[in-house]
Amino acid sequence: MALFSGPFRPLFAPPMSLDLEQIRRIARLARIAVSDEEAAATAGKLNSLLGLIEEMQAVDTSGIEPMSHAMDLVQRLREDKAVEPDRREAFQAIAPAVEDGLYLVPRVVE
Amino acid sequence: MLNAPLTELSAALAGGKVSSVELTQLFLDRIEKLDGELNAFITVDPARALGEARAADARRAAGESGPLLGIPVAHKDIFCTEGMTTTCGSKMLANFVAPYDAHVVEQFRRAGAVLLGKTNMDEFAMGSSNESSFFGPVRNPWRKSAVPGGSSGGSAAAVAARLAPAATGTDTGGSIRQPASLTGICGLKPTYGLVSRYGMIAFASSLDQGGPMGRSAADLATLLNAMTGFDARDSTSLERAKEDYARDLDAPLAGLRIGLPREYFGEGVDADVDARVREAIRWYESQGAKTVEITLPNTHLAVPVYYVLAPAEASSNLSRFDGVRYGHRAAEYSDLYDMYCKSRAEGFGAEVKRRILVGTYVLSHGYYDAYYLQAQKIRRLIARDFAAAFGQCDLVMGPVAPSTAFEAGAMSSDPVQMYLNDIFTIPTSLAGLPGMSIPCGFDSKGLPVGLQVIGNHFAEARMLNAAHQYQKATDWHLRVPAGTPL
Amino acid sequence: MTWEIVVGLETHTQLLTESKIFSGASTAFGAAPNTQASAVDIALPGVLPVLNAKAVEFAIRLGLAIGATIAPRSVFARKNYFYPDLPKGYQISQYELPVVQNGSLKIATEGGEKTIRILRAHLEEDAGKSLHEDFKGMSGIDLNRAGTPLLEIVTEPDMRGAKEAVAYARALHTLVRWIGICDGNMQEGSFRCDANVSVRRPGEPLGTRCEIKNLNSFRFMEQAIEYEARRQVELIEDGGKVVQETRLYDPDRNETRSMRSKEDAQDYRYFPDPDLLPLVIAAAEVERVRATLPELPQAKKERFVGQFGLTPYDAELLTGARESADYFESLVRESGAEAKLCANWQNGELAAALNRDGLEIARSPVPAPSLGALVKRIADGTISGKIAKEVFEAMWRGEGSPDAIIEARGLKQISDSGAIEKLVDEVLAANAKQVEDYRAGKEKAFNSLVGQVMKATKGKANPGQVNEILKKKLAG
């Protein structure tokens, strides 16, 4: 099986493994608190997975259209009609904190 | 009654031999008796189930009929049910009561099915062993120290142990087929877009697809008839004429061309699994089917591609769980950022967090082209492999998983080993194709083996036909686990 | 050495749809908090977006109006970031493939007409609002606005200075209202501009830019850009460097200030939204929309100059809004008078009265047919321009049609030469001194005599006739 269908050099070389600081940065971006122990414990598993996906880098995909959807279809459009009723009461019954119809969060600083 | 096919249950209900209330009570009693150990259900509400059963009996008394009217069905806890918790197997949603029904739930309700309960699952459908549920692992009825597969492991175990006549599941990379295989039941992942994703909590939107899990191919046809259908609320829902998936069940097999992918046999597959699958294929040959060797050369890339695309989509899909409008919010936090981080750290389990981190990483600046875009391109190569294969055959057959049910905890130290378990189911999901698992025997340990049947887009009726014919000649699907006797 | 101020604008226009871009919730402004936030808008689990056809049509309208390419295929992406007014944790927006590409808009500048290139316009959803009143130290989140369709219109850095930026913003503001896709209400946030400002020495490459937010009036925009440019120039002249950042304009202090930088540099992790398929727009659909477009402001302006002989200045004023241009065309039609006279009246008396009473032209107490009837009476000599102003005021007060007012007040111009001759004779007889002065060469005395005649008729005498008869009598 030919993985290379022509002269091909990978244009990119993503890091083979993530260090703890990178893991902490990603966790901040994903808004997930991780302790140093957790970051260390997860590093091995994450890097094992990244090792798995490195296999993709060897494939020459020049000229291949990316596939974003399972089916090559086009977007259907909805008629512009305001049909949704006010369901605030039902929706806010499951909210952690509300007041005067507003969702409450720790102060947002502008 | 516990082991009867849906057609028989339906006939019994129609003939007045049993009421929906009686039938529902029968299964509720069995859940009560056996589920303490299996943990297949997260939520069972007997009063509500019996209320629905009474309503179904009333509808029948009023002259209504239908193949699912009064039949108890369990839903995977990923489908939103109004007025009943929908947890997705997560602490994040442990108390979440959706203010709406999923389209699939609506469809079953319309057909008169009784909501028996919500089944256990890997947290946010991420897993192949049902060990990542916040509500504890599910046990395999065939061997309680083994996993039932995942992520629809609760539905699989429930059907296998006859706690429910049928159940729904969802499949993103094999989450219907692999647990069906590991528990000796039937499960079908339809062509992407046939079953609406509305109200089905998203894992990886471009791959997620709901589907039926049941005891036989004929049952799956009945369930699929209820589940499918266009839904304007899902942009990826297919606008197609409604079809009867049972229409070809009794069609002859002669002339059927079965493709056997070179990559699905041999190295890496348990000898017992390989043997059972080959035996099943020989049976098809004996019925006049032709086998043809095909190649799906990018199969080895499917797992890497999947573990880029699915976590990427998941990392974004799961951003809405931020503790602001619903779901878990940390009790203490110093500011908004801290509230987000703590709520999500507490609400999500380890596997979910890991996948969110991977997804966040592969989408992040500087890596997008190398990971996400590259994965999308290889996804197309994988889809093309199938398109080429279906020029040579009508159906593709092979194993569902390389092995039978593995022991709980066996793969927890190296998740990648577990991920590789899905190597034969993931390619189908990436290509948006329908795939199913039917029982085809047992390994030397007495654990079930599944035969995978893959069709081209919209070939469900043909797949069910092939499976049904096999099940008329075999009784693997009728076997009941010894540990959960009738 | 001088500095050149370079400005590019990004304008978020809220589209005038009835429902949201991806849900069936109402977009009406001012509802009680969260009563117009559907399951999709608050991002409950499992619910999905479906695209609003009207939002797409409006994007096409704008694209056609700026002579842009309507992308046959465009893609919705997710822009990922956490913020409480963004319920999904991502904003659905168009990133790599926007629906509208490469258009332009002409603006009038001191140096003449100038073309501003518009790089793109893309569809996206608006966010909700964070309210910072004190809820026990918390902020309140209202998601009514979440999911309101926006068309973000992005220019190239083609404007030089605050005045050009404002001219572009005004032209775009006129255009989006003209084609009916946005109400242009800046106070309610329907039309929001962000300015990318940089400075450079003429001929040098572009400088580092800062993005200025919170420009919710044209006046603030001008002040903010001027302030920001000054800040950058001073910074550079003091040996400093401009840092690329987002800055907020504070109108109370008339200054821009750096928005607190986020914990991490933003990494939006854009990727195509798997819940939405590619938006495909057929050529036939583009043509269908094109057929519904009105004559555009630029074309109308050129026609007003070419067909009616108006000055570019008058034409510019008249095409400031579609209602104004429609009024003018109706006025010309109804009056049957010269366009120039109509323009003078609309841009003069009418504009002053509207301005005085704070009214939009569409709600003028004197609609175009009425003003037309008045202008017609000027044109046919029934009344003089001066008298017409008095009639106009009466019409404004609701006293009736111009003819009725002229009749009731006896304002009809005296054009009967016999009557005027008689009056002239009386005036000449009573003003022997002025007659003598005039005949002695004092031209001024003539004007005084005309004034006497006009006074005697309460201004109703036809001034031309008075002049003529007076001259004849004095000569004779």
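Heads up: the structure comes first, above all this text.
Residues numbered from 1 in each chain as written. Chains lettered and ligands numbered in written order. Predicted model: local features only at pLDDT ≥ 70, side-chain atom pairs only at ≥ 80, totals over all residues. Heavy atoms only, no water.

Participant: How do you make sense of the nonpolar core when you look at a structure like this?
Facilitator: It is characteristic of soluble globular proteins that their nonpolar side chains tend to be buried jointly. Membership of the largest hydrophobic core comes to 208 residues, with the highest contact counts inside it found for Phe124(B), Tyr284(B), Leu464(B) and Leu44(C). When residues of this core are assigned to their parent elements, the largest contribution, 11 residues, is made by helix α9 (residues 299-317) of chain B. Dropping the residues within four chain positions of it, Leu44(C) is found in contact with Phe91(A), Ile94(A), Phe96(B), Pro99(B), Tyr100(B), Arg320(B), Tyr326(B) and Ala39(C). The next biggest cluster of nonpolar side chains, apart from the first, holds 101 residues, and it includes Ala167(C), Met221(C), Leu293(C) and Ala388(C). (Core = buried A, V, L, I, M, F, W, Y, C linked by side-chain atoms within 4.5 Å. Buried < 20%, exposed > 50% of the residue type's maximum accessible area, 1.4 Å probe, protein only. Helix = DSSP H or I, 4+ residues; strand = E, 2+ residues; numbered from the N terminus. Contact = heavy atoms within 4.5 Å.)

Participant: It is not clear to me how the interface of chain C and chain A should be interpreted in this structure. Could you clarify?
Facilitator: Interface size is commonly expressed as the accessible area that is lost once the parts come together. Contacts between chain C and chain A engage 56 residues on the former and 36 residues on the latter. Summed over both partners, the interface of chain C with chain A comes to about 4100 Å²; 57% of that surface belongs to carbon and sulfur atoms. In this structure, the connection of chain C to chain A is made through zero salt bridges. One can count 22 residue pairs in polar contact (both at pLDDT 80 or more) joining chain C with chain A. Broken down by element, the residue count for the side of chain C that touches chain A peaks at six residues, all from strand β9 (residues 129-135) of chain C. Partitioned by chemical class, the residues of the side of chain C that touches chain A number 29 nonpolar, 14 polar and 13 charged. With four bridges joining them, strand β3 (residues 102-106) of chain A and strand β10 (residues 138-142) of chain C adopt antiparallel strand pairing. (Buried area = accessible area lost by both parts, 1.4 Å probe. Salt bridge = Lys/Arg side-chain N within 4 Å of Asp/Glu carboxyl O. Polar contact = N/O pair within 3.5 Å; in protein donor to acceptor, adjacent residues only side chain to side chain. Nonpolar A, V, L, I, M, F, W, Y, C, P; charged D, E, K, R; others polar. Pairing = 2+ DSSP bridges.)

Participant: Sorry, what's going on with the packing of helix α12 (residues 417-430) of chain C against helix α14 (residues 444-456) of chain C here?
Facilitator: Each pair of packed helices gets described by two things: the angle between the helix axes and the distance between those axes. All names here are of chain C. Between α12 and α14, the shortest axis-to-axis distance is 10 Å and the interhelical angle comes to 125°. Of the possible angle classes, the one that applies to α12 and α14 is oblique. The two elements α12 and α14 cross, and the hand of that crossing is right-handed. Here α12 contributes Leu423, Val424, Val427 and Leu428 to the contact with α14, which in turn contributes Leu449, Gln452, Val453 and Ala456. Looking at the contact of α12 with α14 residue by residue, the classes come out as seven nonpolar, one polar and no charged. (Axes fitted to C-alpha atoms, helices over the stretch in contact; angles between N-to-C directions. Parallel < 35°, antiparallel > 145°, perpendicular 65-115°, else oblique. Left-handed = near helix turned anticlockwise from the far one by under 90°.)

Participant: Help me understand the packing of helix α9 (residues 368-379) of chain C against helix α10 (residues 385-396) of chain C, please; the structure alone is not making it clear to me.
Facilitator: All names here are of chain C. α10 packs onto α9 with a crossing angle of 160° between their chain directions and a minimal axis gap of 10 Å. For the element pair α9 / α10, the angle class is roughly antiparallel. Between α9 and α10 lies a crossing whose hand is right-handed. Mapping the contact onto sequence places Ser370, Leu371, Leu374 and Ile378 in α9 and Gly385, Ala388, Val391, Phe392 and Met395 in α10. Of the residues assigned to the contact of α9 with α10, the class counts are seven nonpolar, two polar and no charged.

Participant: Explanation requested: the packing of aromatic side chains in the structure shown.
Facilitator: Centre-to-centre distance and the angle between the planes together describe a pair of aromatic rings. Under the counting rule described, the total for this entry stands at 33 aromatic pairs over all chains. With a centroid separation of 5.5 Å and an interplanar angle of 70°, the aromatic rings of Tyr372(B) and Phe271(C) are classed as edge-to-face. Note that Tyr372(B) is positioned in helix α12 (residues 369-389) and Phe271(C) in strand β17 (residues 271-272), a pairing that runs across two chains. Each of the two residues, Tyr372(B) as well as Phe271(C), counts as buried. Each ring, one from Tyr95(C) and one from Tyr270(C), has its centre 3.6 Å from the other, and the planes form 5°; the classification is stacked. One end of the pair, Tyr95(C), is in the loop between β6 (90-94) and β7 (100-109); the other, Tyr270(C), is in the loop between β16 (255-258) and β17, and 175 residues separate them in sequence. Clustering of aromatic rings is evident, with ring pairs tying together Phe96(B), Phe124(B), Phe321(B), Tyr326(B) and Phe348(B). Of note, Lys79(C) hangs over the ring of Tyr268(C), and the distance from its end group to the ring centre comes to 4.4 Å. (Phe/Tyr/Trp six-rings, centres within 6.5 Å; stacked < 30°, edge-to-face > 60°. Lys NZ or Arg CZ within 6 Å of the ring centre and 35° of its normal.)

Participant: Where do I start with α10(C) in this structure?
Facilitator: Because each turn of an α-helix spans 3.6 residues, side chains separated by three or four positions in sequence point in the same direction. Residues and elements named next belong to chain C. With 12 residues, α10 extends 16 Å from end C-alpha to end C-alpha; this agrees with the ideal 16 Å at 1.5 Å per step. Those residues of α10 that sit buried are Ile387, Ala388, Val391, Phe392, Ala394, Met395 and Trp396. Lining the buried residues of α10 we find α8 (339-357), α9 and α11 (402-409). (Expected span 1.5 Å × (residues − 1).)

Participant: Would you explain the side chain of Arg120(C) in this entry?
Facilitator: All names here are of chain C. In this fold, arginine 120 is placed in strand β8 (residues 112-125). Buried charge without a partner: arginine 120 forms no salt bridge, and the closest opposite charge is glutamate 152, 7.0 Å away. Within polar-contact distance, the side chain of arginine 120 engages the backbone oxygen of glutamine 94 at 2.9 Å. In this structure the side chain of arginine 120 is engaged in a polar contact, spanning 3.2 Å, whose partner is the side chain of histidine 122. (Lys, Arg positive; Asp, Glu negative; His and termini not counted.)

Any link to function would need more than the numbers given here.
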